[in-house]
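Survey of secondary and tertiary structure
Next come the chains, spelled out residue by residue.
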Amino acid sequence: MTARATGKRTLRGRVAVVGIGETDYYRHGASPDPEFKLALKAILAACNDAGLDPREIDGFSSYSDDRSDAARLAAALGVRRLTTTTMQWGGGGGGCCAAVANAAASIVAGLADCVVVFRSLAQGQYGRFGQAGGIGTISGERAYLMPYGVLAPPQRFAMRVRRYMHEHGVRQEAMQAIALASYHHAQSNSRAVMFGKPLDPEKYNASRWITEPFHLFDCCMENDGAAAIILVPEERAGDFRNKPAYVLGAATGAGYRSGAMPHNSPQYASASFEALAPALYRMAGIGPADVDVVQSYENFTGGVVMALAEHGFFKPEEANDFLVLDNLIAPSGRLPLNTSGGNLAECYMHGFELVIEAVRQIRGQSVNQVKRNDVAMVIGGPMVTPASNLLLGSGATL
């Protein structure tokens, strides 16, 4: 019996991804196009992928205060009627999956019929995310940190990761394996910024410390570009060019007092998924053993360790044994991870490139295709509040 027939409140099987698109990806400051044009290029590429007239779009969803205004995008694309515009509040890259959930919810609620979810970045135009400077006043968490020299994201998150490593005996090699897997997959991906630039353990270990325990290769890149997907109701899924990927579940939010300042949350050494992972699996009706491939946001590799454990793929004390390169690479690792290269080696599109790669895996179109590809998980930015996650599946999962 379908969710609609039972009246159950769920996204499972109700919405499908039918189009994906992206621009070329560039080093930060290297894009020849401004941010708004990048957004339009990605959206038009997604429309072309789906075989959809852009004028049929009636909604937009994004996150982290994306600057490409929905009404302006609608005018540029010739959208006939704009019916929904949603922006995920807070959490930075932790909102990449929530933006998909918000779009899906708009469709299920009847507010829209064809929603674009996107992210656009031109750091050369607007400034680098990872660089602190030119700030006249500060508030919130940063007011307790920046006066004492904790200026940039690596410094803030290193403390949480170091605490987790101490509590559970996680070694540097576990984080190294995550970086090696991302770079390994990028060498098959001509779109990746780090294509043709392989990484080995010697190079990883010789790289400079950014802030311990993060080497250079534990930290995400900074890039320009844009990426987009198109969502429609499940009854329309068969009307488009490519195999649909269905939303099985999504969750967003945070646990008890996870946003307590400064660095004073009860679950300090956490990726913020202890409450979200059970909600995700509950909506999707599956468990960790059913997941075929994972795209996990790597702002820093330590957050991936924490996020994977909190999603039940291993216990924290098992991280060193589980997180080895052979287990993390396609096609047949125990848990293929970041199969396009992820934030570390494909592009830092604020995590939205991970959503596109999850769709490719469901379609069977990845350059690092996994053997089992019915269920793909995306984990948004860890160690932030709110965070979010997403499960996509093939038609066989419904």
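Use the structure listed above.
The following refers to the structure shown.

Conventions and cut-offs
Residues numbered from 1 in each chain as written. Predicted model: local features only at pLDDT ≥ 70, side-chain atom pairs only at ≥ 80, totals over all residues. Heavy atoms only, no water. Helix = DSSP H or I, 4+ residues; strand = E, 2+ residues; numbered from the N terminus. Buried < 20%, exposed > 50% of the residue type's maximum accessible area, 1.4 Å probe, protein only. Salt bridge = Lys/Arg side-chain N within 4 Å of Asp/Glu carboxyl O. Contact = heavy atoms within 4.5 Å. Pairing = 2+ DSSP bridges.

**Quick word on unusual backbone geometry**
- Cis peptide bonds are those with omega within 30 degrees of zero, and the linkage from E212 to P213 qualifies with 15°.
- If you trace the backbone, P213 turns up in the loop between β6 (209–211) and β7 (214–215).
- In the segment running from A330 into P331, the intervening peptide bond is cis, with an omega of 10°.
- Here P331 lies in the loop between α13 (325–328) and α14 (342–345).

**Topic: helix α11 (residues 301–310)**
- With respect to burial, α11 is a largely interior element, 10 of its 10 residues being buried.
- The complete set of buried residues in α11 reads T301, G302, G303, V304, V305, M306, A307, L308, A309 and E310.
- Phi turns positive, to about 85°, at G312, one or two residues after α11.

**Notes on the pattern of salt bridges**
- One pass over the structure, following the stated rule, counts 16 salt bridges.
- Look at the salt bridges and you will find they share partners, linking E22, R191, E346, E357 and R360 into a network.

**Overview of the environment of K197**
- Along the chain, K197 falls in the loop between α8 (172–186) and α9 (201–206).
- Spatially, the C-alpha atoms of K197 and H184 are 9.4 Å apart, while their sequence positions differ by 13 residues.
- Dropping the residues within four chain positions of it, K197 is found in contact with R27, Y183 and Q187.

**Considering the pairing of strand β10 (residues 293–296)**
- Of the two faces of β10, the one holding V293 and Q295 and the one holding V294 and S296 are both buried throughout.
- Bridge analysis of β10 against strand β11 (residues 375–379) gives 4 bridges, and the strand direction is parallel. Its bridge partner lying in β11, V294 is registered against M377.

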